[in-house]
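# Structural characterization, general
Each chain is listed here by its residues.
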Amino acid sequence: VCSSDLLVPYRVVKFGGADSDLALEAVELLPDSTRFRICGSPRWFTIPMLGKHNANNALAAILIGRLFGVNDDDIAAGLSCFTPSGMRIERLEGKNGTTLWNDAYNANPTSMKAALELLSSTSGFRRKFAVLGDMLELGPKEKQFHREIGQMLDPTRIDYVYTLGTLGREIADSAALNYPPGRVEAFDSKEALAAKLEAVAKPGDCILVKGSRGMRMETIIQALRA
């Protein structure tokens with residue numbers, strides 16, 4: 001059988017980019033959700049998750065729904081009431097009136113940058129803390145990837161940077177080049193890191209906790225819960 005006889009007709013559809021079939025036109029970050037509008041449509045969609053990157057993910061669901069004939073009313077209803085899995089920018093109440101963002105499910109350079117961009121762009125908090133653990137299984141460039149995360153951190157947008165682990169120290173060393181003394185610290189134990197946060201964080205502060213699954217960063221969240 002000729003291989004060309006096995007080919008099935010298909011159509012490529014794209015989302016998220018400027019030249020895509022579906023792209024974001026406007027995004028609003030709310031305390032517990034994200035509203036967004038698609039180019040060429042007045043309709044607003046809402047997802048019970050934080051971040052522009054999650055709105056981009058929702059575009060895939062909208063695109064698939066439309067391809068299968070689901071109308072936008074039903075798509076919007078489904079997006080608004082779905083239950084996200086835990087530890088993915090999960091907003092929790094911390095001790096003494098702090099806000100915790102539990103993003104400890106996993107981490108890679110792309111998701112780490114997305115979480116930090118979300119923290120950087122969010123307003124309404126007294127101070128913002130980035131608590132970052134090792135990103136594991138990245139291969140021979142693992143140190144470089146961690147240093148790049150440290151380089152992107154901006155002291156005018158994220159006030160404190162605390163890291164955990166050997167690779168996390170690469171983030172801290174890189175971030176410390178741009179931060180005032182005392183604003184960046186590397187830790188070797190979760191207990192010491194949690195104790196530092198309990199001593200420094202105040203009401204109105206936001207604490208993002210993120211790292212690879214193997215780091216079990218949710219242990220820090222548990223120590224900080226109200």
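Residues numbered from 1 in each chain as written. Predicted model: local features only at pLDDT ≥ 70, side-chain atom pairs only at ≥ 80, totals over all residues. Heavy atoms only, no water.

Spatial ordering of the open sheet is given by β4-β5-β9-β6-β7-β8, a layout of 6 strands whose pairing is mixed. Across the chains shown, the open sheet's two edge strands, defined by having one partner strand only, are β4 (90–93) and β8 (184–187). Within the sheet, the average angular offset between the axes of one strand and its neighbour, ignoring direction, is 20°. Here β4 runs beside strand β5 (residues 99–103); their pairing, made up of 4 bridges, is antiparallel. Each residue of the ladder has a partner; that of L92, found in β5, is L100. (Pairing = 2+ DSSP bridges. Helix = DSSP H or I, 4+ residues; strand = E, 2+ residues; numbered from the N terminus. Axes fitted to C-alpha atoms, helices over the stretch in contact; angles between N-to-C directions.)

This paragraph deals with the nonpolar core. Proteins that are soluble and globular tend to have nonpolar side chains buried together. By size, the foremost hydrophobic cluster in this structure holds 25 residues, and its most contacted members are W101, L116, L132 and L153. Of all the elements, helix α3 (residues 109–121) adds the most residues to this core, at 5 residues. Filtering out sequence-adjacent residues up to four positions away, L132 remains in contact with M112, L116, I149, L153, Y162, T163, L164, I171, K210 and M217. Grouped together as the second largest cluster of nonpolar side chains are 22 residues, A104, L164, I220 and L224 included. (Core = buried A, V, L, I, M, F, W, Y, C linked by side-chain atoms within 4.5 Å. Buried < 20%, exposed > 50% of the residue type's maximum accessible area, 1.4 Å probe, protein only. Contact = heavy atoms within 4.5 Å.)

The N-to-C vectors of helix α1 (residues 52–67) and helix α2 (residues 72–81) enclose an angle of 145°; their axes lie 10 Å apart at closest approach. Here α1 runs over α2; the crossing is right-handed. Contacts between α1 and α2 involve A58, A61, I62, G65 and R66 from the former and D72, I75 and L79 from the latter. Residue composition of the contact of α1 with α2, by class: 5 nonpolar, 1 polar and 2 charged. (Left-handed = near helix turned anticlockwise from the far one by under 90°. Nonpolar A, V, L, I, M, F, W, Y, C, P; charged D, E, K, R; others polar.)

The full count for this structure, using the stated rule, is 6 aromatic pairs. An aromatic cluster of at least three residues, connected via ring pairs, comprises F129, Y160, Y162 and F187. Its end group placed over the ring of F45, R43 keeps NZ or CZ at 5.8 Å from the ring centre. A cation sits over an aromatic face here: R88 above Y105, 3.9 Å from the ring centre. (Phe/Tyr/Trp six-rings, centres within 6.5 Å; stacked < 30°, edge-to-face > 60°. Lys NZ or Arg CZ within 6 Å of the ring centre and 35° of its normal.)

Take the pairing of strand β3 (residues 44–47) next. Burial along β3 is one-sided: F45 and I47 are buried, while W44 and T46, pointing the other way, are not. Of the pairings in the sheet, the one linking strand β2 (residues 34–38) to β3 comprises 4 bridges and is antiparallel in character. Looking at β3, one finds that R35 is bridged to T46. In textbook terms, the turn of a hairpin is the stretch between consecutive antiparallel strands, and for β2 and β3 this stretch comprises 5 residues, one of which, G40, has a positive phi near 85°.

So, on to the sheet that holds β2. One open sheet holds the 3 strands; their spatial order is β1-β2-β3, and the pairing between them is antiparallel. For this open sheet the edge positions go to β1 (24–29) and β3, each flanked by a neighbour on one side alone. Recorded for the sheet is a direction-independent mean angle of 25° between the axes of neighbouring strands. Where β1 meets β2, 5 bridges bridge the pair, whose relative direction is antiparallel.

Now for unusual backbone geometry. For M87, which is not glycine, the phi dihedral falls at a positive 65°. Tracing the backbone through its elements, the reader meets M87 in the loop between α2 and β4. On the basis of relative accessibility, which here comes to 18%, the residue M87 falls in the buried class. Its identity is not glycine, yet I89 carries a phi of approximately 50°, on the positive side. Along the polypeptide, I89 turns up in the loop between α2 and β4.

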